[in-house]
Amino acid sequence: MKDMKLAILYLLSIAMIIGGVVSCKNMGTRQLVRKKCVECHQKKVDEFKKAGVVHKPLKDNECESCHRPHGVIGGAYLKVSEKELCYTCHKEMKSVLDKKHLHAPTKESECLSCHSPHSSENKNLLKGKGNNLCFICHKEDAYSRKMQHAPLSDKGCLTCHDAHGSDYEKSLFDSTDAVCRKCHDFKKPGFVKSHSGYNPEGNTCVSCHTPHSSSNTKLLREFVHTPIDQNQCKSCHNSPESERPLGVKKTGAELCYECHTENRIAFAKAHVHDPVKKDNCLSCHSPHATDNKDATLLPDGKLCYSCHKEREKLIEKQHVHKPAGENNCTSCHNPHASDNDYELKETGKNLCYQCHKKDDFTQPNVHSPVKKGDCVTCHDPHASNHKFELRLAEVEQCYTCHQKEKMFFDRVNVHTPIRIGQCVVCHSPHSTTEKKLLVQKKNKLCFNCHKGMLDEISDGSVHESFAKGRCSTCHDEHASDNDCQLVEEGADNCYGCHKNIQTLSQKSKHTHMPIRDGKCTSCHNPHGSKIKGRLNRPAGSLCLSCHSGLALNIEKDEFQHAPAKERMCLKCHVPHYADIENLLTGKGVSLCKDCHNLNNPAMAVAHSGIAINKTDCIGCHETHSAENKGLMHKILHPPFKDGNCKKCH
């Protein structure tokens, strides 16, 4: 029995192992079955295939040649980086990278700049047809002038250039003269005649002719040296029949001065540009023709930077002087000679006035550097990382001269324009009609920023100093150790004008606490208010904001004195100082008789016929509110409480 159980267990184990293997095998088979991309993306593939030229992997439904089968929603992964992917099939193209001159997309391995990865209507999967593809990157203007080179207009750029790379400059398929000879016969009599009888040699064609398009006939470059324009090559070169026909008659500037005689004198100045000094005109100028003004070898700025390399880095700064930014060095500098330093066309501010309106710098009050004609004291003439090409950040630039002010402004509270380093919010850096170079009349200047404060109270009671813009009466324009840049601390700031209040409060026996503590602004708005007396809030609620215990009693007691109920505190009290305790306007019954008629019979009845014209009312009555009728004190003498005054009197 035991042996049978073991046999059954053994058989079951074998069955489980076989079943597991079969199951895993089947499961593994299901996992390894892969769908092709086209099975899900057939619609997209069909769209690509409608084009005239289809990339072979797509044509063969082999998307996986380039893409990994697992991507992300909205995109797909490439098998390798874009820069390497194309070379996995187009291995022969990788050798182009060894060429001396590479087309920018080739150099950066950005094949998709020109080629579509899936399909195109153009040969070689190009994104555009013919020259239009090139004009995606190259500005069309230089290629579409009146006279166009036949290859450019008829056959396209690839007649002369290799689209990927070449061992020759400009990606030409051969040397310049070899490319030209492909179409032009240099030995042909008519060709020689059109070149004044000379047979051009070497790569000289493009020294006179543009290879693309020109505004001139014969594709001559935009700016042509006069002898070339007049077909008078003999002016400079030996005759065509001589042993060295293309040799020049004289060397250096001596040849140029044969025609440019006036320049020999004009260039005899205190400061002479180095190439002129060395009689090397051809450092900057082409003797034949160029596309640059004055027949220079390169455009203005680029020509200068070929020697002044350190200056080229300047235009990388955040703020560039317009002439420098436009590569227009000759706006300021004479390229040949000048009597001024750095070959400047004018000295000091006169140079700046060529572009900047003189009126802005010649108003009655002129900033000292401007008066001296020293604009470069503050501004870099080329470029800076600071606005307006300042040499330093604005406020630091001011402090280079105004050191004393910098020390003075190191206070607890600093006027916002100074704190953020913008002195020009208030002061003109050049000239103005106002004193201290203020940009506006002093009584209007503050309202450029603080106009809203005046508008809020314009129909109320406005402090005279504020209304007339005499802000500096109370505030320091720059900085102060007091709140709000006040000239003096607390009440001392007010007493400059309100001297009488200070004097009288000092003579009086009793002074309101805000006056005593020098806190006038506890009650008054220093600029103005829509409330009488320029109070911060209506008088009653203003008083009770400090006298909170009194406010609570008035609120909870059943009976209120009419002035207290109506918040008319100033009926009985004076606001600043008094000789009577509690700042009352009068003593005893004299305070009350203004409202209460003491001769009224009802008054006599209410007081049991006792004369009250010399009494102190507060002996019996509360002044603000009470729990008892008649504003009687809370605790009363029993005879008095019972109205039996005669018991004692």
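Preceding this paragraph is the structure being described.
About the thresholds
- For every chain, the first residue of the written sequence is number 1, and numbering continues from 1 onward in sequence order.
- Only residues with pLDDT of 70 or above have their local features reported here, since the model is predicted, and side-chain atom pairs are shown and tallied only from 80 upward, although totals for entire chains, interfaces and linings are computed over all residues.
- To obtain the side-chain values, all non-hydrogen atoms of the structure were included, while hydrogens and water were left out.
- Under the DSSP-based scheme used, a helix requires at least four consecutive residues in state H or I and a strand at least two consecutive residues in state E, with every element numbered from the N terminus.
- In this treatment the radius of gyration is a C-alpha quantity, and the globule benchmark scales as 2.2 Å times the residue count to the 0.38 power.
- For every residue, the accessible area obtained with a 1.4 Å probe (protein chains only) is divided by the maximum for its type, and the residue is called buried under 20%, exposed over 50%, and partly exposed between those limits.
- Throughout, the arc means that of the directions going from the helix axis to the C-beta atoms.
- Contacts are assigned to residue pairs with any non-hydrogen atoms lying within 4.5 Å of each other.
- Paired rings are identified among Phe, Tyr and Trp, the last through its six-membered ring, by centres lying within 6.5 Å, and are further divided according to the angle between planes into stacked (under 30 degrees), edge-to-face (over 60) and tilted (the rest).
- In protein, a polar contact means a hydrogen-donor-capable atom and an acceptor-capable atom, both N or O and within 3.5 Å, with residues adjacent in sequence counting only if both atoms are side-chain atoms; elsewhere, any N or O pair within 3.5 Å suffices.
- Salt bridge criterion: a side-chain nitrogen from Lys or Arg within 4 Å of a carboxyl oxygen from Asp or Glu.
- Cavity means a closed set of points on a 1 Å grid over the protein atoms alone, one where a 1.4 Å probe fits but cannot get out, pocket means an open set with protein on both sides within 12 Å along at least 5 of 7 lines, and lining means a residue has an atom within 4 Å of a point.
- Grid points are joined across faces, edges and corners, and a volume is the space filled by probe spheres set on the points.
- Charged residues are taken to be Asp, Glu, Lys and Arg, nonpolar residues to be Ala, Val, Leu, Ile, Met, Phe, Trp, Tyr, Cys and Pro, and polar residues to be all remaining types, Gly included.
- The patches described consist of residues with a relative accessible area above 30% and no salt bridge, like charges being joined within 9 Å and nonpolar side chains (Val, Leu, Ile, Met, Phe, Trp, Tyr) within 5 Å.
- Calculation of accessible area relied on Shrake-Rupley with a 1.4 Å probe; when residues are assessed, cover is drawn exclusively from the protein chains displayed.
- Positive charges come from Lys and Arg alone, negative charges from Asp and Glu alone, with His and the N- and C-terminal ends not counted.
- Charged groups are reduced to one reference atom each: NZ for lysine, CZ for arginine, CG for aspartic acid, CD for glutamic acid.
- In what follows, a disulfide is any cysteine sulfur pair within 2.5 Å.

Asker: Provide a residue-level description of the overall build of the protein, including the pertinent values.
Answerer: A tally of regular secondary structure across the protein gives 34 helices and 22 strands. Taking 26 Å as the expected radius of gyration for a compact globule of 649 residues, we find that the protein reaches 49 Å, considerably beyond that expectation. Seen along its three principal axes, the alpha-carbon backbone of the protein occupies a region of about 150 × 130 × 45 Å. Counting every position in the protein, which comprises 649 residues, the buried fraction comes to 27%.

Asker: Which residues make up helix α27 (residues 499-507), and what values go with them?
Answerer: Residues spaced three or four apart along an α-helix point in a common direction, a consequence of the helix completing one turn every 3.6 residues. Of the positions making up α27, those classed as buried are I501, Q502 and S505. All buried residues of α27 fall inside an arc of 100° around its axis, so they share one side. Residues of α27 that are exposed and angled more than 90 degrees away from the buried face: K499 and K507.

Asker: Outline the environment of F267, listing residues and values.
Answerer: Along the chain, F267 falls in the loop between α13 (261-266) and β8 (271-272). On the basis of relative accessibility, which here comes to 15%, the residue F267 falls in the buried class. Separated by 360 residues in sequence, F267 and E627 have C-alpha atoms that sit 108 Å apart. Apart from residues no more than four positions distant in its own chain, F267 is found in contact with Y257, V272, V276, H336 and A337.

Asker: Explain the packing of aromatic side chains to me, using residue names and the numbers behind them.
Answerer: In this structure the tally under the stated criterion is six aromatic pairs. Residues F408 and F409 carry aromatic rings whose centres are separated by 5.9 Å and whose planes lie at 65° to one another, so their mutual orientation is edge-to-face. The interplanar angle of 70° and the centroid separation of 5.6 Å between the aromatic rings of F447 and F466 together place this pair among those described as edge-to-face. Residue F447 is found in helix α24 (residues 447-456), and its partner F466 is found in helix α25 (residues 464-467); the two are separated by 19 residues along the sequence. Each residue in the set Y399, F408 and F409 is aromatic and connected to the rest through ring pairs, giving one cluster.

Asker: So, helix α29 (residues 539-546): which residues are in play, and what are the values?
Answerer: Those residues of α29 that sit buried are G540, L542 and L544. Buried residues along α29 sit in contact with α30 (548-556).

Asker: Before we move on, can you summarise the side chain of S166 with the specific residues and values?
Answerer: Looking at the element boundaries, S166 is found in strand β5 (residues 165-166). Within the structure, S166 has its side chain in polar contact with the backbone nitrogen of Y168 (distance 2.9 Å). With near-sequence residues (within four places) excluded, S166 lies in contact with K99, K100, H101, S171, L172 and F173.

Asker: How would you explain the side chain of D380 if you had to name every residue and give the values?
Answerer: With respect to the helices, strands and loops of the structure, D380 is situated in the loop between α19 (368-371) and β13 (383-384). One polar contact links the side chain of D380 to the main-chain amide nitrogen of A383, over a distance of 3.2 Å. What D380 contacts, discounting residues up to four positions off in sequence, is E389 and R391.

Asker: Before we move on, could you go through the pattern of salt bridges and cite the residues and values that matter?
Answerer: The final tally for this structure, using the stated rule, is 16 salt bridges. With a shortest N-O distance of 2.7 Å, D60 and K56 are connected by a salt bridge. By relative accessible area, D60 is classed as partly exposed at 38%. Take K56: its relative accessible area is 57%, and that puts it in the exposed class. The residue R391 makes a salt bridge to D380 at a minimum N-O spacing of 3.7 Å. Highlighted residues: R391 in the loop between β13 and α20 (394-399) and D380 in the loop between α19 and β13, separated in sequence by 11 residues.

Asker: Explain unusual backbone geometry residue by residue, including any values.
Answerer: Even without glycine at this site, S196 takes up a positive phi of about 60°. Mapping S196 onto the fold places it in the loop between α10 (189-193) and β6 (213-214).

Asker: Can you tell me about the environment of G518, naming the residues and giving the values?
Answerer: Mapped onto the fold, G518 is located in the loop between α28 (513-516) and β19 (528-529). Sequence spacing of G518 and A491 is 27 residues, and the spatial spacing of their C-alpha atoms is 4.4 Å. Setting aside residues no more than four positions away along its own chain, G518 makes contact with G490 and A491.

Asker: Could you give an account of the environment of E627, naming the residues involved and the relevant values?
Answerer: In this structure, E627 sits in the loop between β22 (625-626) and α34 (638-641). For E627, a relative accessible area of 45% gives the class partly exposed. C-alpha of E627 to C-alpha of I228: the two residues are 399 residues apart in sequence and 117 Å apart in space. Discounting chain neighbours no more than four positions away, the residues touching E627 are D557, E558, F559 and K634.

Asker: Talk me through empty space enclosed by the protein; I want residue IDs and the actual numbers.
Answerer: The final tally for this structure, using the stated rule, is one cavity of 30 Å³ or more. By volume, the largest cavity is sized at about 30 Å³. Here the lining of the largest cavity is composed, by residue class, of five nonpolar, one polar and one charged.

Asker: An account of a negative patch on the surface is requested, with residue identities and associated values reported.
Answerer: Residues D483, E488, E489 and D492 make up a contiguous surface patch of negative charge. Looking at E489, the relative accessible area reads 60%, which means it is exposed.

Asker: Could you give an account of the state of the cysteines, naming the residues involved and the relevant values?
Answerer: Per the counting criterion, the structure on display carries zero disulfides. Cysteine C66 remains unbridged, with the sulfur of C89 as its closest cysteine sulfur at 6.4 Å. Sulfur of C569: no disulfide; nearest cysteine sulfur belongs to C543 and is 3.8 Å away.

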